[in-house]
Every structure is written in C-alpha cells, then in structure tokens.
Amino acid sequence: MSIISVYIFIVFIIVYNAVNGIIDASNNRQLETNASAELLSKDSEELLLSEVIKKVVNQITVLDYNSQTQTKLLNEISRSLDRLESRRQDIITTIDRSEVRLSHRLDAIKSDLGKTITLQEVIRDDLDKLEKQQLVSKAWILDQLRGSVAKRNVVSEESETKNPLNIVSPDIEANLQVVQTTLNSLKRSNNHIEEQIGDLSNNMLTLINETTGIANRSKSYVESKSFNSGIRNVLEEMKKLEKPNVYIKNSLLDPNSSTNGSDFAKDCKDIQENENFKNLSGIYRIKPIGSDEPLFVFCDMNTDGGGWTLIHNRYDGTVDFYRDWYDYKYGFGNIASEFWLGLDHIHRITYQDIYELRIDLEDFEGDKAFAKYNAFAIGSQNENYMLKLLGSYEGDAGDSMTYHVSMPFTTKDNDNDPMIGSNCAIEHTGAWWYNQCETANLNGLYLSGMYSKIYTGMYWQDWQGSSYSLKRTNIKIRPIHH
C-alpha cells in the first residue's frame, strides 16, 4: 500500500507541476499580449502626435504666409498714405501760393484804384476851374463887344440879328477854341478814368470770388486758414495795429496854409497841426514836396507827442518781406496792416526837411523797447537810397542802427553791400542798409521768437539778440521842427 501511495504522490506532484507550468505559460502569454498591446498603444500615440505636429506646422506656415501678405498690404497702405500726405501738402502749398498771389494782386488793384480815384478828383477840380474860367472869358468877351459897339455906333440890322460871339477877334476865338478843346479832352479823360474804375471794380469782384473758392477748397486741408474772411474783414485787420483806432480821412488842407503849394499836407506832422486831426491816428493822404501825386500813409498821432509818419509796420507775418528791389523802391503791403512805404517815398519825405527816426519793438512775452535818433535821411535812387544821415541815439532798445550809416540799400536781386563774394540780403533773407552784414534786420523773416538759423529773423541785436525774431516792429519819422 505504501508503494501505491508513493506512486500516487509522485503522480500528484507531476500533475501539480504540469498544471503550474500550464498556468505559468498562460500567464507569460498574457504578459506578452499586454506588452504587445502597450507597444501598439504607444505607436498609435506617437503616430497621432506626429500628425498633430504636422498640422500645427502647416497652420504656422499658413499663418506666416498670411502675416507676410498682411505686412506687404500694410506697407502698401503706408506708401499710399505717404503719397496722399505728400499730395495734401502739395495742395496746401499750391493754395498758399495762390492766396499770396491773389493777395498781392488785390493789393496792387487797391493801390491802382486809389491812385485813379485821386487822379479823377484832380481832373474834376481842373474841369470845375476851366468851366469857371470859360464863364469868366465869355463875360469878358461880351463886355468887350458891348464896348466896341458903343464906340462905333454903327450896327447894321443884319448884324443885330446875329450872335455877338460871331464878331469875336481871331485871337479871342482861338483862345476859346483852345479852352474848349482842353475841356473836351479833360472830359474824355474823366470818362476813360471812370471806365477804368469800373473795370477795376469788376476785377476786385472777380478776385473776391476766386478767393472764396480757394477758401472753400482749402477748408478740408487747412482748418486754420481763413483768407476769404480776412478779405471781407479788412477793418478787423486794422485793429491789429499798434493804435487800433484807425481813422481814414482825405486830409485836405486849406490851400492858403499849405506848406508845399498844394491842397495836401507834406507829412503827418503837417496834418497834426490841423486841430481836427490832432490826436486821431489813422490813414491819411499826403503829398511830399516833389511828388507827382499824393500817397496814403498811416499817421501815429499818439506816440511820443504824435505826428509820426510810419514807413514800416509788421506784427503777424502775413506780408512777405523777402522781396526784390522794385517792391522795396515803390513799396508793398497794406497801409491798414503790414507794409513797407517805399524807398522812393521815404527819400522824398526826408528830403523836404530834417527828420527824426523812432523804431518801436515788441517781443512775444509782451516786453517793449524803442530806439530814437534825432536825425534821419536817405539818398536818392542814384545813390541806391544810402542811409545818408543818422543822428544821436536815445532809448532803451540799444543802438543797432549806427553800424549801417553810409550804407546803400540791398535786396536779394540788387547787391550793394560791401561784403565780397556774397549778398547779405540772400544770406540773411531780408533787405536793409547792410554793412558786413548787419546788427539789425527788421525786414527779415517773421519766425516767432527764438530760432535756430541765426541772423535770418526780424531782429534787433542790442535787444533780445540776433537769434530772436520779434513779434512787432514799426519804423516812423517826424520833422524835428515841431
């Protein structure tokens, strides 16, 4: 029994080991299956991640391409904006130039109109005088005829029925014909002048209409421009003058009290001696000795006793002072605002008496100063309007004028300064009695205070220096015998 038991035990052991082997093999196969599944799962994840990365790279490529396209588009838009800005600036520049040209043309027409009106008044006065002389001549002829008839006592019935003028002597009749011809000629001249006035009025209306169109076109580009309203409000411009109470008067004097043999005063001091205008600053007409016709001037009747004739006035830069010889000779600007009276007029005025000179200055902080010289005169055109006479200085602005004594006047197109190889008017953008070159440049550029390019502004070296362009300057003259 024991041997059988041993065999059974051995069989049991063998079976047990076999079963365990089967179980272990099964477990190993399961582990291998799990490992294979895990490897397959990892491969799938890597494949999926690779696909995702490819899609992301593709999207980045597309975004980069779109970004480059947008950058090109933005650059094109920027260039278009630059072109539009350049075109806008060109339009603004064109409008500004048109405004300046129209302003100059309007000033010239106004000046011509004033001269024409003055000439018309003179012709009308001459017509009135001729008509009076003609009436006196006719009366005298009739008296002579009556006396002749009384002496002769012989008159035929046929001669009694005739007009007494038919027996006028040949000399008297010739004189009458000359007077009549002159009268008719003056009437024709008067009619012609009236036609010219009509044409000038039409031209002024045309200019105003053109100015209105320019103002409307420029409104969308330059909001600060208001040229059209400035034309319509000339009286408002007058208020910007140092003396705002502008008064316009013909300034005719009593012929018996006139100092220059005409019905006009020779300067503003002459006008001031008329009690009606004693303290009334404004625009008047004067006729200096030697002048062919009167001219408009601004008279300062308040500063330092009054009686001053302004020859230069600047306060806002609306008038361009960088001009040629012709403009400085005959004058430019608007007597009611900014202007230069003209070297020819200044010479005629200072030639008729001994005049003093006063220069008033103001900066952009509101500070004021003045320079005064007790004598002033300039030469004729043949002398290039040389600064021939300048007296002693007084004031609080400093003496920046004496350096220019004996110097001829220089403009950008007429170089008379002693500088060799250069023109001070061009170098310093002005016009003046330049030496080498200047200590004052009151006809320089209007630059609104401190500026970087030295010597080019409207400056007075001994007050604020040559790097500061002043806000307001005016130059005026007055006879010293007052």
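Residues numbered from 1 in each chain as written. Predicted model: local features only at pLDDT ≥ 70, side-chain atom pairs only at ≥ 80, totals over all residues. Heavy atoms only, no water.

**Q** Looking at this structure, how should I read the overall build of the protein?
**A** Scanning the protein for helices and strands turns up 9 helices and 12 strands. By the burial criterion, 37% of the 482 residues in the protein qualify as buried. At a minimum sequence separation of 6, the contacts of the protein that also span at least 24 residues come to 58%. (Helix = DSSP H or I, 4+ residues; strand = E, 2+ residues; numbered from the N terminus. Buried < 20%, exposed > 50% of the residue type's maximum accessible area, 1.4 Å probe, protein only. Contact = heavy atoms within 4.5 Å.)

**Q** Could you clarify how one ought to interpret empty space enclosed by the protein in this entry?
**A** Remark: the empty space left among the atoms is shown by a probe the size of a water molecule rolled over them. Counted according to the given criterion, the structure contains 2 cavities of 30 Å³ or more. Space inside the second largest cavity adds up to approximately 30 Å³. If you go around the second largest cavity, the residues you meet are Ile311, Leu357, Ile359, Phe376, Met401, Trp432, Trp433 and Ile475. (1 Å grid on protein atoms, 1.4 Å probe; cavity = no way out; pocket = protein on both sides within 12 Å on 5 of 7 lines; lining within 4 Å. Points joined across faces, edges and corners; volume = space filled by probe spheres on them.)

**Q** Can you help me understand the nonpolar core in this one?
**A** One broad rule of soluble globular proteins: the nonpolar side chains tend to lie buried together. Ranked by internal contacts, the top residues of the largest apolar core, which has 59 residues, are Trp340, Met401, Phe409, Trp433 and Trp460. Of the residues forming this core, the biggest block, 5 residues, is contributed by strand β7 (residues 368–378). Excluding anything up to four places from it in sequence, Trp340 contacts Ile311, His312, Phe321, Asp327, Tyr328, Gly331, Phe332, Ile346, Phe409, Trp433 and Asn443. (Core = buried A, V, L, I, M, F, W, Y, C linked by side-chain atoms within 4.5 Å.)

**Q** Could you clarify how one ought to interpret the pairing of strand β12 (residues 472–479) in this entry?
**A** Moving residue by residue along a regular strand, the side chains alternate between the two faces of the sheet. Of all 8 residues in β12, 8 are buried, a share of seventy percent or more. Burial of the side chains of β12 extends over both faces: Arg472, Asn474, Lys476 and Arg478 are buried on one face and Thr473, Ile475, Ile477 and Pro479 on the other. When strand β3 (residues 308–314) meets β12, the two strands line up antiparallel, connected through 5 bridges. From the neighbouring strand, Thr309 faces β12, where its bridge partner is Ile477. Summarising the sheet, strand β6 (residues 355–362) and β12 pair through 8 bridges and their orientation is antiparallel. From the neighbouring strand, Ile359 faces β12, where its bridge partner is Ile475. (Pairing = 2+ DSSP bridges.)

**Q** I keep staring at a nonpolar patch on the surface and nothing clicks. Help me out?
**A** Together, Leu48, Leu49, Val52, Ile53, Val56, Val57 and Ile60 line one region of the surface with nonpolar side chains, adding up to about 620 Å² of accessible area. If you trace the backbone, Ile53 turns up in helix α1 (residues 2–152). What makes Ile53 partly exposed here is its relative accessible area of 46%. (Patch = residues over 30% accessible without salt bridge, like charges linked within 9 Å, V, L, I, M, F, W, Y side chains within 5 Å. Areas by Shrake-Rupley, 256 points an atom, 1.4 Å probe, with all protein chains shown as cover. Salt bridge = Lys/Arg side-chain N within 4 Å of Asp/Glu carboxyl O.)

**Q** Is there a simple way to explain the packing of aromatic side chains in this structure?
**A** Aromatic ring pairs are described here by two measures, namely the spacing of the ring centres and the angle between the planes. Counted under the stated rule, the structure contains 14 aromatic pairs. Between Phe409 and Trp433 the ring centres are 5.1 Å apart and the planes differ by 85°, which places this aromatic pair in the edge-to-face class. Of this pair, Phe409 sits in the loop between β9 (393–395) and α9 (424–427) while Trp433 sits in the loop between α9 and β10 (449–450), and the two are 24 residues apart along the sequence. Per residue, the accessibility class of Phe409 equals that of Trp433, and both read buried. Judged by centre distance (5.2 Å) and plane angle (70°), the ring pair of Trp432 and Trp433 falls under edge-to-face. Like Trp433, Trp432 is buried. An aromatic cluster is built from Phe321, Tyr328, Phe332, Trp340, Phe376, Phe409, Trp432 and Trp433, whose rings are joined through pairwise contacts. Its guanidinium or amino end placed over the ring of Phe370, Arg358 lies 4.2 Å from that ring's centre, counting from NZ or CZ. (Phe/Tyr/Trp six-rings, centres within 6.5 Å; stacked < 30°, edge-to-face > 60°. Lys NZ or Arg CZ within 6 Å of the ring centre and 35° of its normal.)

**Q** How should unusual backbone geometry be read in this particular structure?
**A** The phi angle of most residues is negative, glycine excepted, and most peptide bonds adopt the trans form. Looking along the chain, the bond that leaves Gln436 and enters Cys437 is cis, with omega of -10°. Among the secondary structure elements, Cys437 is positioned in the loop between α9 and β10. At Tyr385, a residue that is not glycine, the phi angle is positive and equals roughly 55°. Mapped onto the secondary structure, Tyr385 falls in the loop between β7 and β8 (387–390). With a relative accessible area of 0%, Tyr385 lands in the buried category. For Ser406, which is not a glycine, the phi torsion comes out positive at approximately 70°. Following the sequence through the fold, Ser406 ends up in the loop between β9 and α9.

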